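Single-letter residue listing:
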Amino acid sequence: MRDVSSNTSVTLKISRQDREKLKPNSLVQIGGITELNPYANGTIQIIVNVTRFEIVKDQFVTEQDLKRTEIRIAKSKKGFKNVDAVLEDKLFKDERPKVALIFASTSITMQDFNAGVNAAAVNIDFTELRQSFGNGNALASFLYSQDNSGFDVIALIRGGGSGIEALDDVQVLQTVASMKTPVICAIGHVGEELFMKS
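Note that the coordinates shown come from a computational prediction; the quantities given were computed from them, not determined experimentally.

About the thresholds
- Residues numbered from 1 in each chain as written.
- Predicted model: local features only at pLDDT ≥ 70, side-chain atom pairs only at ≥ 80, totals over all residues.
- Heavy atoms only, no water.
- Helix = DSSP H or I, 4+ residues; strand = E, 2+ residues; numbered from the N terminus.
- Rg over C-alpha atoms; globule rule 2.2 N^0.38 Å.
- Buried < 20%, exposed > 50% of the residue type's maximum accessible area, 1.4 Å probe, protein only.
- Contact = heavy atoms within 4.5 Å.
- Areas by Shrake-Rupley, 256 points an atom, 1.4 Å probe, with all protein chains shown as cover.
- Lys, Arg positive; Asp, Glu negative; His and termini not counted.
- Charge placed at Lys NZ, Arg CZ, Asp CG, Glu CD.
- Salt bridge = Lys/Arg side-chain N within 4 Å of Asp/Glu carboxyl O.

Draft legend 1. Broad picture of the overall build of the protein chain. Scanning the protein chain from terminus to terminus reveals six helices and seven strands. Going from the N terminus to the C terminus, the protein chain shows its helices and strands as β-α-β-β-α-α-β-α-β-α-β-α-β. Taking 16 Å as the expected radius of gyration for a compact globule of 198 residues, we find that the protein chain reaches 22 Å, considerably beyond that expectation. Looking at the protein chain as a whole, 29% of its 198 residues qualify as buried. Within the protein chain, contacts between residues separated by at least 24 positions form 71% of all contacts whose residues are at least 6 apart in sequence. When the accessible surface of the protein chain is summed, it comes to about 12,800 Å², and 53% of that surface belongs to carbon and sulfur atoms. Here the protein chain carries 23 positive and 24 negative side-chain charges, and the mean point of each set is 5 Å from the other.

Below, the structure written as structure tokens:
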């Protein structure tokens, strides 16, 4: 097992008989004995000798989940874009950053948000854009066009509730991962787990 962001890995040792019982994309709970192998360079290999396992759920990981994971890996290889650094760089050069605020077509912005934007507008040029977040293909196409519109930062803004799952559409995620413009998200309610926010 390998962590995508840090490249840290844990080796699982499981017998051939047990391995043949495992099905692809299943959620499995394992138990075993941990073994630590230190190396001369200061690293330690962690091995778990699996002594028992239980298939919790078959087909737990969908094809969409696998594609999303591939997108995350590709995105991590491209590197992280620091939005604060992008904005600060412009401001220190006495330039006005250009920020696109993309709202869902039917969203109503909150007073607190508007107050923050109005205060920041002294130094930043905000462009408010409206786009349906309910159709993944249309949103991906719209984001692609905005990526080539000269913005320094693009912000996706939407509250939670019905229809928010379209933001996790594979095409939308691929588009965001490939954009040269940094993208920040203010989407969903606190308890709503979206791949887009991770």
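Next, the rest of the story.
Draft legend 2. How the structure looks around the pattern of salt bridges. For the structure shown, the criterion picks out seven salt bridges. As a salt-bridge pair, Asp89 and Lys93 come within 3.2 Å of each other at their nearest N and O atoms. Lys93 gets classed as partly exposed once you look at its relative accessible area, which sits at 48%.

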